[in-house]
Each structure stands twice: as structure tokens, then as C-alpha cells.
Amino acid sequence: MKTLTRISNTLMERFLPDPYIFVAVLTLVVFLLGLGLTDTGPIEMVDYWGDGFWGLLAFAMQMVIVLVAGHVLANSPFFKRLLSSLAGLAKSPGAAILLVSVVSIIASWINWGFGLVIGALFAKEIAKKVTNVDYRLLVASAYAGFVVWHGGLGGSIPLSIATPDHPFAGQMGVISTTETIFTTYNLFIVLVLFITIPLLNRWMMPKPEDTVTVDPAKLEEPIEVEEPAEKTPASRLEDSMILSMLIGALGLIYLVHHFVRNGFDLNLNIVNLIFLILGIILHGTPRRFLAAVANAVKTAGGIIIQFPFYAGIMGMMTSSGLAGVISDAFVSISNEHTFPLFSFYAAGIVNFFVPSGGGQWAVQAPIMLDAAQALGVDYAKTAMSIAWGDAWTNLIQPFWALPALAIAGLKAKDIMGYCVFVLVLSGIVISIGLYFF
């Protein structure tokens with residue numbers, strides 16, 4: 001395994017470009033596939049790309065807030081002490097890899113945005129404590145836990161179809177999470193991944209001479225708080241803990257009311273609000289909070305630039321019918337036994353080009369649900385097959401890794417050599433769960 005991971009890392013370092021180059025090449029690939037596999041002309045493909053280019057603006061802003069707010073929270077004195085205490089549980093490199101893997105999987109199963117940020121922050125804090133652990137593998141282990149998100153409490157597809165009046169309710173009805181998230185096959189997949197991913201990550205630990213460590217001092221991010229030259233009414237407000245506490249109280253009251261009304265509805269907006277409100281409270285004063293924000297914003301460039309290109313790709317995939325062509329190809333070779341399995345593989349491929357759970361469901365559901373009805377396959381299992389396919393290939397799709405990489409200060413090629421092996425393992429486990437249960 002050490003030899004294989006060394007080869008994989010070497011290949012990734014040589015051939016995997018910056019995520020912006022990746023999305024630019026992907027744009028051209030989808031453009032050419034649209035011309036070759038559909039009846040769409042070149043001008044139409046350009047229009048689909050341009051019309052879709054700004055389709056992820058709201059989501060991109062949510063992801064920027066996830067990154068910035070998580071970063072701000074992690075740099076608060078209280079949270080730094082908390083993460084440091086938890087990181088102290090890891091007494092060796094092997095324990096560090098196991099610990100960050102387990103924490104990431106649990107957090108991602110609860111909510112994907114929560115897991116994405118907490119896993120990366122925790123990996124970074126552990127690297128300060130265990131200085132001889134491979135930093136690339138540590139961050140890869142944190143990101144690997146993300147693969148379980150669509151089979152967890154925050155899975156967008158199972159939650160969508162459990163909502164009254166969802167877009168496909170007329171065909172499939174409203175399907176409870178007891179038929180999706182809490183089924184035997186889904187819990188089997190999650191449990192086996194919970195056990196095997198940490199062990200695989202531990203197994204991939206490189207030899208001491210191949211280990212890439214990081215100077216803990218470089219992981220420290222001192223926040224420069226500019227003090228005013230003189231005390232003025234404005235500067236007193238900027239240094240007012242009372243103002244921060246009042247805003248914090250407002251946010252906490254809303255959060256309590258939200259959970260009372262809606263139960264455990266931990267959607268992305270709520271996760272962001274939790275991070276922001278806790279950041280405001282724990283930094284004490286507006287001046288310190290804003291200084292932490294200014295420090296965190298510097299890491300958000302990749303999301304701001306790249307997400308519109310993915311939106312353009314999604315526009316070409318959906319409007320040209322290319323996503324349907326891919327789905328139809330797998331449907332054509334399926335029967336009632338293999339359909340969930342091939343739906344999973346089809347979703348994994350489409351996810352490269354439409355890396356959004358909700359967006360992918362909107363594209364694939366009409367085709368897959370009609371096929372499921374014709375073959376006599378359960379709608380709920382069809383939905384979960386697409387959900388797992390969406391989550392699966394995120395392991396080698398830089399789109400979702402951007403926040404974690406920005407927090408860790410790494411590039412995609414630094415972790416993808418390890419993630420490939422988690423992709424293979426999780427693909428086998430998910431296939432078994434969907435086919436045999």
C-alpha cells in the first residue's frame with residue numbers, strides 16, 4: 001500500500017493541475033461532448049454555458065460563508081483551546097489519522113457543511129500537536145469522511161423527497177427518511193465506511209522518509225487587530241462587547257426558535273448562522289471579529305472564481321440533454337436487480353459535471369424514476385443510489401475540496417493521491433450495499 005500511495009501521489013503531483021485549470025478543461029470537454037453526443041449546435045452550447053454561468057451565485061456565497069465563518073470560529077480563543085484539547089488525544093501519527101477520520105465521518109453524517117469545515121480545522125489543529133504526521137494524508141483523511149454525507153441526516157435528496165409537494169411528488173409521492181436514510185442497506189454502507197475508511201487511511205501512512213510534515217509555526221494564523229489612534233464614540237462601539245453579545249443573543253434566540261419549530265433541521269444556512277453567531281460571541285468585540293473575518297476572506301478566492309464555471313458546465317449538461325444521454329446509457333443495460341447499482345455509477349459520472357446534489361437530482365430524476373417504474377424498482381432506493389453516486393466521486397472532484405484545501409493551505413494534488421484509494425474502497429462498499437440488500 002505504501003508503494004501504491006507513493007506512485008499515486010507522484011502521478012497526482014505531476015498531472016493534476018490547479019482546480020481552476022481542471023474546471024477550465026472540464027468546460028471544454030463538456031462542450032465537445034455536447035456537440036458529439038447530442039443534437040445541440042456550437043452556438044447553442046455557448047448560450048447554455050453563458051445562461052448557466054451565474055446559476056450558482058447563491059450557493060457560492062453560502063460556500064464562502066461556510067469557509068469564512070468556520071475559519072473565524074476556529075480562530076476564536078475558546079474554540080482554539082477546544083480544538084487543541086481534542087487534538088491532544090492523538091499521541092502518535094497513526095492515532096492522529098484515525099482520530100481525524102472518525103471525527104470527519106461523524107460530522108459529515110450529521111451535516112455536510114459542518115463536516116467539511118470541522119474536519120479540515122481539526123486536521124490543521126492536530127498537525128500542530130503531532131508534528132511527525134504526514135500533513136497531506138491528515139487533510140485527505142479529513143476530506144475522505146465527506147463521502148458519507150448524502151447517506152446522512154443532511155442528505156439533500158432523501159430530505160427533498162421527504163418534503164411535501166417536492167417536484168416529483170406526483171410520480172413517487174412523499175417518501176419518509178425511514179425508507180431512505182434509515183434503511184438497512186444505507187445504514188450498512190455508512191457503518192462499513194465508518195470502520196474501513198479510518199483503517200484504510202491509517203494503512204496509507206507513508207514511510208518516515210516519504211512523510212511530508214509541516215512546521216506548526218506556519219499553521220498559526222495571527223490576527224492583527226488594528227487599534228485606533230484615539231478613543232472616539234465610533235471606536236468605543238467597535239470595542240464594545242455589549243454590542244457583540246446583543247447580536248449574539250439575537251442569533252441564539254432565532255436558532256432555538258428554529259429548532260423548536262422544525263426539529264433537527266441543520267441546513268446550510270443554519271450551519272452558517274451557527275458559525276457566524278458563535279464567532280461574533282467568542283471574539284468578544286466587533287473589532288476582533290472583523291479582523292478575523294479579514295484574515296479568513298483571503299482563503300476564499302478559489303470558490304469565488306471557480307463556482308461560476310461549474311454553473312456554466314451544469315447549464316451545458318442539463319440544457320443540451322448530455323446528462324440524460326449518460327443516464328440513458330446506464331438505464332439501457334440495467335434490469336430490476338442491477339438498476340440501483342448502475343444508477344449509482346451513472347450518478348457518479350454525472351457528478352463530475354454537475355457537482356450539486358440538488359442539481360443532479362433535478363437532472364437525473366425524471367429519467368431514473370421513469371426507468372425505475374418500468375423495471376419495478378423501488379423509488380426510494382433509486383433516489384438513494386443517485387445520492388450515493390453524487391457523494392462518491394466528490395472524493396476526486398476539486399469542487400467540494402476547495403473549502404477544506406483553503407483552510408489547510410494545500411492544493412488538490414496534495415490530497416487526491418490518497419483520495420483515489422478511498423474512492424475505490426467506498427465504491428466497493430456502496431456497490432455491495434445497493435446490490436445485495
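Keep in mind it's a predicted model, so treat the numbers as computed, not measured.

**Concerning the overall build of the chain**
Consideration 1: Within the chain, the regular secondary structure consists of 23 helices and zero strands.
Consideration 2: Relative to a compact globule of 437 residues, whose C-alpha radius of gyration would be 22 Å, the chain shows 22 Å and is just as compact.
Consideration 3: Principal-axis analysis of the C-alpha atoms gives the chain an extent of 75 × 50 × 45 Å.
Consideration 4: Scored against the burial criterion, the 437 residues of the chain give a buried share of 54%.
Consideration 5: Of all intrachain contacts in the chain linking residues separated by at least 6 positions in sequence, the fraction that spans at least 24 positions is 80%.

**Quick look at helix 19 (residues 339–353)**
Consideration 1: Taking 1.5 Å of rise per residue, 15 residues should cover 21 Å, and helix 19 covers 22 Å from first to last C-alpha, within 8% of that figure.
Consideration 2: Within helix 19, eleven of the 15 residues are buried, which leaves the element mostly enclosed by the surrounding structure.
Consideration 3: Lining the buried residues of helix 19 we find helix 2 (19–37), helix 17 (301–320), helix 18 (322–331), helix 20 (357–375), helix 21 (379–392) and helix 23 (412–436).

**A word on the packing of aromatic side chains**
Consideration 1: Inspection of every chain in the model, using the stated rule, returns 26 aromatic pairs.
Consideration 2: Between Phe 59 and Phe 399, the ring centres sit 6.3 Å apart and the planes meet at 10 degrees, which makes this aromatic pair stacked. Of this pair, Phe 59 sits in helix 4 (residues 57–74) while Phe 399 is found in helix 22 (residues 398–408), placing the two residues 340 residues apart along the sequence. Comparing Phe 59 with Phe 399 shows no difference in burial state: the two are buried.

**Some words on the nonpolar core**
Consideration 1: Of all hydrophobic cores here, the largest spans 138 residues; its most connected members are Phe 59, Trp 112, Tyr 135, Leu 138, Ile 313, Met 317 and Trp 361.
Consideration 2: Not counting residues up to four positions away in its chain, the partners in contact with Ile 313 are Val 23, Leu 26, Thr 27, Val 30, Trp 49 and Phe 353.

**So, helix 18**
In an α-helix, one turn spans 3.6 residues, which is why side chains three or four residues apart end up on the same side.
Consideration 1: Of all the ten residues making up helix 18, seven are buried; the element is thus mostly covered by neighbouring parts of the structure.
Consideration 2: Regarding helix 18, the residues found buried are Leu 322, Ala 323, Gly 324, Ile 326, Ser 327, Phe 330 and Val 331.
Consideration 3: The inward-facing, buried residues of helix 18 abut helix 2, helix 17, helix 19 and helix 20.

**Focus on unusual backbone geometry**
With the exception of glycine, most residues fall at negative phi, and the peptide bonds are largely trans.
Consideration 1: Although it is not a glycine, Asp 165 adopts a positive phi angle of roughly 65 degrees.
Consideration 2: Looking at where Asp 165 falls in the secondary structure, it is placed in the loop between helix 9 (156–161) and helix 10 (169–172).
Consideration 3: Assessed through its relative accessible area of 75%, Asp 165 is described here as exposed.

**A word on the packing of helix 7 (residues 112–129) against helix 15 (residues 268–283)**
Angle between the axes and distance between the axes are the two parameters that describe a pair of packed helices.
Consideration 1: Helix 15 packs onto helix 7 with a crossing angle of 40 degrees between their chain directions and a minimal axis gap of 8 Å. When the interaxial angle is binned, helix 7 and helix 15 end up oblique. Taking contact as the criterion, the partners of Trp 112, Gly 113, Phe 114 and Val 117 in helix 7 are, on helix 15, Leu 268, Val 271 and Phe 275.
Consideration 2: A per-class count over the contact of helix 7 with helix 15 returns six nonpolar, one polar and no charged.

**Here's the deal with the confidence of the model for the chain**
Consideration 1: The pLDDT averaged across the chain works out to 91; a share of 100% of its residues lies at or above 70.
Consideration 2: Averaged pLDDT values for the elements of the chain fall to 82 in helix 12 (residues 216–219) and rise to 98 in helix 11 (residues 184–203).

Definitions and cut-offs
- Residues numbered from 1 in each chain as written.
- Predicted model: local features only at pLDDT ≥ 70, side-chain atom pairs only at ≥ 80, totals over all residues.
- Heavy atoms only, no water.
- Helix = DSSP H or I, 4+ residues; strand = E, 2+ residues; numbered from the N terminus.
- Rg over C-alpha atoms; globule rule 2.2 N^0.38 Å.
- Buried < 20%, exposed > 50% of the residue type's maximum accessible area, 1.4 Å probe, protein only.
- Contact = heavy atoms within 4.5 Å.
- Expected span 1.5 Å × (residues − 1).
- Phe/Tyr/Trp six-rings, centres within 6.5 Å; stacked < 30°, edge-to-face > 60°.
- Core = buried A, V, L, I, M, F, W, Y, C linked by side-chain atoms within 4.5 Å.
- Axes fitted to C-alpha atoms, helices over the stretch in contact; angles between N-to-C directions.
- Parallel < 35°, antiparallel > 145°, perpendicular 65-115°, else oblique.
- Nonpolar A, V, L, I, M, F, W, Y, C, P; charged D, E, K, R; others polar.
- pLDDT = per-residue confidence, 0-100.

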